[in-house]
Amino acid sequence: MGIELTCVCEKCGYEFEADVGVGFLYPKVYVETIDAMKEGGFGQQGKEFLEAFPNGAISCENIVVQCNDCKKLMVVPELSLYVPKEGYDFTKSNRKKRWSSGFSGNDYEYVSPIELNDHYQLFEEYDHRCLYCNGHTSVVPGFTECMDKSIDKRVSCPECGSMIEINFTGIWD
Ligand SMILES: [Zn+2]
Ligand SMILES: [Zn+2]
């Protein structure tokens, strides 16, 4: 279950809405994302990683990044790259566990966020490129499910540069 966040610029009227986190269809999204990555759909970094580590795994939860050049905001799968910890036999991982009550996920070969956390180690963070201008991007920490008060819940407006509040607006799945 992910959450929906919205920001509206009071100065220029710019609006942006994002569904972040992990959705109900995660196993399906995971498989589709890995397949696209193998084809180079997320650039060379992912393609080369999966060629070098066929048992590699990725984090597929949605995050928001901002382009360092054109300042546009976009929702992307997180895509950090992981490799199994030494001694972890992923072929024995428990596929009988249901993903959720409404969607078993049994038909999909995926690595859940919990497995990722317990049995994999981070290999490399993903260098997300802007979908509009191919510039480098930075993760906007305020677009997160985490309610930690120390996280700045603001982002600079892509249109006019003023700081705008990121607000929780609902839950998606
Ligand atoms: Zn850009
Ligand atoms: Zn603005």
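See the structure above.
What this report covers is the structure whose coordinates are included nearby. No experiment lies behind these values; they were computed from the predicted model shown. (Residues numbered from 1 in each chain as written. Chains lettered and ligands numbered in written order. Predicted model: local features only at pLDDT ≥ 70, side-chain atom pairs only at ≥ 80, totals over all residues. Heavy atoms only, no water.)

### Looking at helix α1 (residues 26-38)
Reasoning step 1: For α1, built from 13 residues, the straight-helix expectation of 18 Å at 1.5 Å per residue is met to within 8% by its first-to-last C-alpha distance of 18 Å.
Reasoning step 2: What α1 keeps buried is the set Tyr26, Pro27, Tyr30, Thr33, Ile34 and Met37. Down the axis of α1, the buried set is contained in an arc of 130 degrees. They therefore lie on one face.
Reasoning step 3: For α1, the secondary structure elements touched by its buried residues are α2 (44-52), β3 (57-58), β5 (73-77), β6 (81-84) and α3 (113-119).
Reasoning step 4: Gly40 occupies a position one or two residues after α1 and carries a positive phi of about 85 degrees. (Helix = DSSP H or I, 4+ residues; strand = E, 2+ residues; numbered from the N terminus. Expected span 1.5 Å × (residues − 1). Buried < 20%, exposed > 50% of the residue type's maximum accessible area, 1.4 Å probe, protein only. Arc of directions from axis to C-beta. Contact = heavy atoms within 4.5 Å.)

### Side note on a nonpolar patch on the surface
Reasoning step 1: A cluster of nonpolar residues, Met1, Met147, Phe168 and Ile171, forms a patch on the protein surface that exposes about 470 Å² of accessible area.
Reasoning step 2: Relative to the elements of secondary structure, Met1 occurs in the segment before β1 (2-8).
Reasoning step 3: For Met1, a relative accessible area of 61% translates into the label exposed. (Patch = residues over 30% accessible without salt bridge, like charges linked within 9 Å, V, L, I, M, F, W, Y side chains within 5 Å. Areas by Shrake-Rupley, 256 points an atom, 1.4 Å probe, with all protein chains shown as cover. Salt bridge = Lys/Arg side-chain N within 4 Å of Asp/Glu carboxyl O.)

### With respect to the coordination of the zinc ion (ligand 2)
Reasoning step 1: Note on the zinc ion (ligand 2): its protein donors are Cys9 (SG), Cys12 (SG), Cys157 (SG) and Cys160 (SG). The metal-donor distances range over 2.3 Å.
Reasoning step 2: Given 4 donor atoms and angles of 104 to 117 degrees at the metal, the environment of the zinc ion (ligand 2) is assigned as tetrahedral.
Reasoning step 3: Written as a sequence motif, the donor arrangement for the zinc ion (ligand 2) is C-x2-C-x144-C-x2-C. Placement of the pair is Cys12 in the loop between β1 and β2 (15-20) and Cys160 in the loop between β9 (154-156) and β10 (163-165), with a sequence separation of 148 residues.
Reasoning step 4: Of the residues examined, Cys12 reaches a relative accessible area of 38% and is grouped as partly exposed. (Donors = N, O, S within 2.8 Å, 3.2 Å for Na, K, Ca; no water. Tetrahedral: all angles 85-135°; square planar, octahedral: opposite > 155°, others 65-115°.)

### Quick word on the nonpolar core
Reasoning step 1: Counting residues in each nonpolar core, the largest one holds 20 residues, and the members touching the most others are Tyr30, Met37, Ala57, Ile58 and Tyr120.
Reasoning step 2: Residue assignment for this core shows that the elements contributing at least two residues are α1, α2, β3 and β6.
Reasoning step 3: It is α1 that provides the largest number of residues to this core, a total of 4 residues.
Reasoning step 4: Excluding its chain neighbours within four sequence positions, the residues that come into contact with Met37 are Phe42, Gly46, Lys47, Leu50, Ile58, Leu79, Leu81 and Tyr126.
Reasoning step 5: In this structure, Ile3, Cys9, Phe143 and Cys157 belong to the second largest nonpolar core, which totals 16 residues. (Core = buried A, V, L, I, M, F, W, Y, C linked by side-chain atoms within 4.5 Å.)

### Focus: unusual backbone geometry
Reasoning step 1: In the Ramachandran plot, Lys71 falls in the positive-phi region, its phi being about 70 degrees despite a non-glycine side chain.
Reasoning step 2: Among the structural elements, Lys71 can be located in the loop between β4 (62-67) and β5.
Reasoning step 3: Its identity is not glycine, yet Asn134 carries a phi of approximately 65 degrees, on the positive side.
Reasoning step 4: Mapped onto the elements of the fold, Asn134 is located in the loop between β7 (120-124) and β8 (137-139).

### Focus: the sheet that holds β1
Reasoning step 1: In space, the 3 strands of this open sheet follow the order β2-β1-β11, with antiparallel pairing throughout. Two strands lie at the open edges of the sheet, namely β2 and β11 (167-172), each paired on one side alone. Going from strand to strand, the sheet's axes swing by 25 degrees on average, the running direction of each strand aside.
Reasoning step 2: Taken together, the 5 bridges between β1 and β11 define a ladder with antiparallel strand orientation. Bridge pairing in β11 links Leu5 to Phe168. (Pairing = 2+ DSSP bridges. Axes fitted to C-alpha atoms, helices over the stretch in contact; angles between N-to-C directions.)

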